[in-house]
Amino acid sequence: MQFQAEVGVLDHVDGSSQFVSQDTKVVCSVTGPIEPKARQELPTQLALEIIIRPAKGVATTREKLLEDKLRAVLTPIINRYCYPRQLCQITCQILESGEDESEFSQRELSCCINAAFLALVDAGIAMNSMCASIPIAIMKDSNEIIDNPSAEQLKTSLSVHTLALEFIDGGKVVKNVLLLDSNGDFNEDQLFNILELGEQKCQGLVKNLRKIIQDEISPRLAA
Amino acid sequence: MTENTALDTIEVHPITFPPDVLARISPELSLQRHLSLGIRPCLRKYEEFREVTIENNTLSRYVDTENVDAKNNILGSNVLKSGKTIVITSITGGIIEENSASIKDLDDFGEDELYEITKEENVVANYASIYPVVEVERGRVGACTDEEMTISQKLYDSVLHSRILPKQALKVKAGVRSVNEDGTLSVLYPDELENDPSNETNLKMKRKWSYVLYAKIMVLSRTGPVFDLCWNSLMYALQDVKLPRAFIDERASDLRMTIRTRGRSATIRETYEILCDQTKSLPLMINSQNIAFASNYGVIDLDPESQLQDPDNAEEEVDIDMDEARPVLIADLDTEAEETSIHSTISVIANAKGNYTQLTLVGAGAKITPEMIKRSLLLSKVRANDLSTRLNE
């Protein structure tokens, strides 16, 4: 997956990142751990407030569903028992969707997941594992599996998928499938092909994400 | 000192709770205890589904085909019961005017050719969805919850990507109401006049309309995750939807009026008033081969430490490996204990042919292995096969 990413782009929050892949661009900010509102507080673990803002207009149920999926991915990778009775706010602002928003959200979701992961690391929140996410499409006629499809490829696809994998041991071992969200028309063989290809691609992506974090941190350690 | 040690000896009594109290205090432990016996808190087996009973179209205005209830605006309905949960789906509709005619709508295409083209191009842009509003009744009023919003949106996305509802099926074939010589009103529909081609050309209208469909889904006595119940209910309801025929008044069929704005005059064609026929209706032509049914699964590791010891053979107890967690697949999640303790879930929408249109896999708890996925896909296929026969019973 071709992408450009930066961490620490905002200076009034605890952690932030920008993730750009093709025409999709997302900025993510993380504030926490902070004092929660009484209704958000969890007695034994960190509460998460996840907000996704669309590229245009106000947030709708579409963004609510994206938030729900992002929460499903982030909850298991954050070490939430480290911060009892605390809150972490994660806000993703989509700057450019890079796809037809009325029909697809796969590109945006993948970029939000990757951006949120980088921002959480930048904020210094304790994590259990790493994650990486890619959008995938299976094309009509050719049945070709394409990772990181463009807006045009999504439109002529037969099925579209978002895959997020959890990595441990320095990004070498896949611990679990955090999210596989598939829509369209597909069969069992295609599904397992997606998981196979997705594992390779996510592994490459997680290596690059580690590189970005390393480049950010090493000068600070040297100083 | 010696006296003190004697006093310090405390006898520890284990605290015991009745099962229902334990289930409230520690749902996780209660669930593990049940699972170790090979059953679930709802007394089903691991891969046992709840029975589903449906009633289709009992609320619709077209229940009695002879006597259409014109005051009822429900076009299709379904009542689905599964365990204690009841889902009531009612489909209503509206008509919108299409303000920009796409290239495919040009008049040189015949209706049938147009249909062939849309069938050929099996892309999402040629399909419409339904606008669902899910209401989970909890005995209190207030703003809609996140769960209601995400289920509604997921239903919308899944109907769209399942390619069930072609845009072509929602086009209005409008008729014209005219006054006869004797003063009575009669409505002529273009497709009812096939033997009289001269009339058809007179009825060609420049404006296009489409139906939009709304679904109100009410969930009563929610006991567990409800997305799959809502989806199945919506699928049953959609298969019996009838769209009312619509017509415009002859006098308004090509009315133009001149208006002046800031000194300039412009011709504006008045919007037609489109009316629905009180009695006549057409069935909604959905892509019935894409009708699919949903089921959900959970994956949980059996915790060997929570297993109940059999009091009868406590002495000859076998050495269980306390570190070995065995994952099991649980079908059709229900009850609070399962919902709160099972974090790895699989949700599948499958059709009877063995193709899938939607799959959501969330691995926040136990590891989801390829075997688990294979098993859940197989079960979904069997379940979809079973559910698809219910409508004809």
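Residues numbered from 1 in each chain as written. Chains lettered and ligands numbered in written order. Predicted model: local features only at pLDDT ≥ 70, side-chain atom pairs only at ≥ 80, totals over all residues.

Per an unreviewed UniProt entry, chain B is named Ribosomal RNA-processing protein 43, and its organism is Saccharomyces uvarum. Taken directly from UniProt, the Sequence similarities (unreviewed entry) text for chain B runs: "Belongs to the RNase PH family." (UniProt positions renumbered as here; feature names shortened; annotations may be inferred.)

Chain A appears in an unreviewed UniProt entry as Rrp46p from Saccharomyces uvarum. Note on chain A: under the UniProt heading Subcellular location (unreviewed entry), the record states "Nucleus, Nucleolus".

Q: A description of the overall build of chain B should follow, citing residues and the corresponding values.
A: Within chain B, the secondary structure is distributed over nine helices and 17 strands. Put simply, chain B has 393 residues, and 32% of those count as buried. (Helix = DSSP H or I, 4+ residues; strand = E, 2+ residues; numbered from the N terminus. Buried ≥ 20, exposed ≤ 12 C-beta atoms within 10 Å, placed from the backbone.)

Q: Outline the overall build of chain A, listing residues and values.
A: Across its full length, chain A holds four helices and nine strands. Going residue by residue from the N terminus, the α and β elements of chain A occur as β-β-β-β-α-β-α-β-β-α-β-β-α. Here chain A has a C-alpha radius of gyration of 17 Å; the compact-globule value for 223 residues is 17 Å, and the two agree. Taken over the C-alpha atoms alone, chain A extends approximately 55 × 40 × 30 Å along its principal axes. When burial is assessed residue by residue, chain A has 47% of its 223 residues classed as buried. Of all intrachain contacts in chain A linking residues separated by at least 6 positions in sequence, the fraction that spans at least 24 positions is 67%. (Rg over C-alpha atoms; globule rule 2.2 N^0.38 Å. Contact = placed C-beta atoms within 7 Å.)

Q: Give me helix H2 (residues 106-123) of chain A: which residues, what numbers.
A: Residues and elements named next belong to chain A. Relative to the 26 Å expected for 18 residues at 1.5 Å per residue, H2 spans 26 Å between its end C-alpha atoms, a close match to the ideal helical length. Across the 18 residues of H2, 18 count as buried, placing the element largely inside the fold. Backbone geometry just after H2 places Gly 124 at a positive phi near 75°. (Expected span 1.5 Å × (residues − 1).)

Q: Mind laying out unusual backbone geometry, listing which residues take part and the relevant values?
A: Put simply, Gly32(A) and Pro33(A) share a cis peptide bond, and its omega is -5°. As for its position among the elements, Pro33(A) is in strand E3 (residues 24-34). We note that Asp169(A) has phi near 55°; this positive angle belongs to a residue other than glycine. Tracing the chain through its elements places Asp169(A) in the loop between strand E8 (157-168) and strand E9 (173-186). Residue Asp169(A) is classed as exposed on the basis of its 10 C-beta neighbours within 10 Å. The backbone of Thr335(B) shows a phi angle near 70°, a positive value even though the residue is not glycine.

Q: A description of the sheet that holds strand E1 (residues 4-7) of chain A should follow, citing residues and the corresponding values.
A: Residues and elements named next belong to chain A. On the basis of which strands lie adjacent, the open sheet formed by five strands has the order E1-E2-E3-E5-E4 and mixed pairing. Bordering the open sheet on either side are E1 and strand E4 (47-53), each of which pairs with just one other strand. Between one strand and the next, the sheet's axes are offset by a mean angle of 15°, whatever the strand orientation. The pairing of E4 with strand E5 (residues 87-96) spans seven bridges and is parallel. (Pairing = 2+ DSSP bridges. Axes fitted to C-alpha atoms, helices over the stretch in contact; angles between N-to-C directions.)

Q: Describe the packing of helix H1 (residues 61-77) of chain A against helix H5 (residues 146-161) of chain B, listing the residues and the values that go with them.
A: Between H1(A) and H5(B), the shortest axis-to-axis distance is 8 Å and the interhelical angle comes to 105°. Judged by the angle between their axes, H1(A) and H5(B) are roughly perpendicular. Touching Thr61(A), Arg62(A), Lys64(A), Leu65(A) and Asp68(A) of H1(A) are Asp146(B), Met149(B), Thr150(B), Ser152(B), Gln153(B) and Lys154(B), all from H5(B). When its residues are assigned to classes, the contact of H1(A) with H5(B) shows two nonpolar, four polar and five charged. (Parallel < 35°, antiparallel > 145°, perpendicular 65-115°, else oblique. Nonpolar A, V, L, I, M, F, W, Y, C, P; charged D, E, K, R; others polar.)

Q: Describe the environment of Ile74(B), listing the residues and the values that go with them.
A: Residue and element names in this part refer to chain B. As for its position among the elements, Ile 74 is in the loop between strand E1 (52-56) and strand E2 (76-82). Residues Ile 74 and Ser 60 lie 14 residues apart in sequence; the distance between their C-alpha atoms is 4.9 Å. Contacts of Ile 74, omitting those with residues within four sequence positions, involve Leu 59, Ser 60, Arg 61, Ser 90, Ile 91 and Thr 92.

Q: Lay out helix H3 (residues 27-36) of chain B with the relevant residues and their values.
A: Residue and element names in this part refer to chain B. Every buried residue of H3 is accounted for by Ser 30, Leu 31, Gln 32, His 34 and Leu 35. Each element contacted by the buried residues of H3 is listed here: helix H2 (19-25), strand E14 (293-302), strand E15 (326-331) and helix H8 (335-341). Of the residues trailing H3, Gly 38 is marked for its positive phi of about 90°.

Q: An account of the domain arrangement of chain B is requested, with residue identities and associated values reported.
A: Residues and elements named next belong to chain B. For chain B, the assigned domains read domain 1 (16-45 + 294-309 + 322-392) and domain 2 (52-176 + 203-287). Counting residues at the interface gives 15 residues for domain 1 and 16 residues for domain 2. For the side of domain 1 that touches domain 2, the elements supplying multiple residues, two or more each, are E14, H8, strand E16 (344-350) and strand E17 (356-363). Across the side of domain 1 that touches domain 2, the residue classes break down as five nonpolar, six polar and four charged. (Domains from an automatic or database assignment.)

Q: Go over the environment of Pro225(B) with me, naming the residues and quoting the values.
A: All names here are of chain B. Structurally, Pro 225 can be placed in the loop between strand E9 (208-220) and helix H7 (227-238). Sequence separation between Pro 225 and Gly 298 is 73 residues, and the spatial gap between their C-alpha atoms is 11 Å. Those residues in contact with Pro 225 that sit more than four places away from it in its chain are Asn 296, Leu 333 and Glu 339.

Q: How would you sum up the UniProt feature "domain: Exoribonuclease phosphorolytic" (unreviewed entry) in chain A? Please name residues and give values.
A: In the numbering adopted here, UniProt assigns the feature "domain: Exoribonuclease phosphorolytic" (unreviewed entry) to residues 4-125 and 136-200 of chain A. Note that residues 4-125 of chain A is 29% helix and 32% strand, and that its end C-alpha atoms are spaced 23 Å apart.

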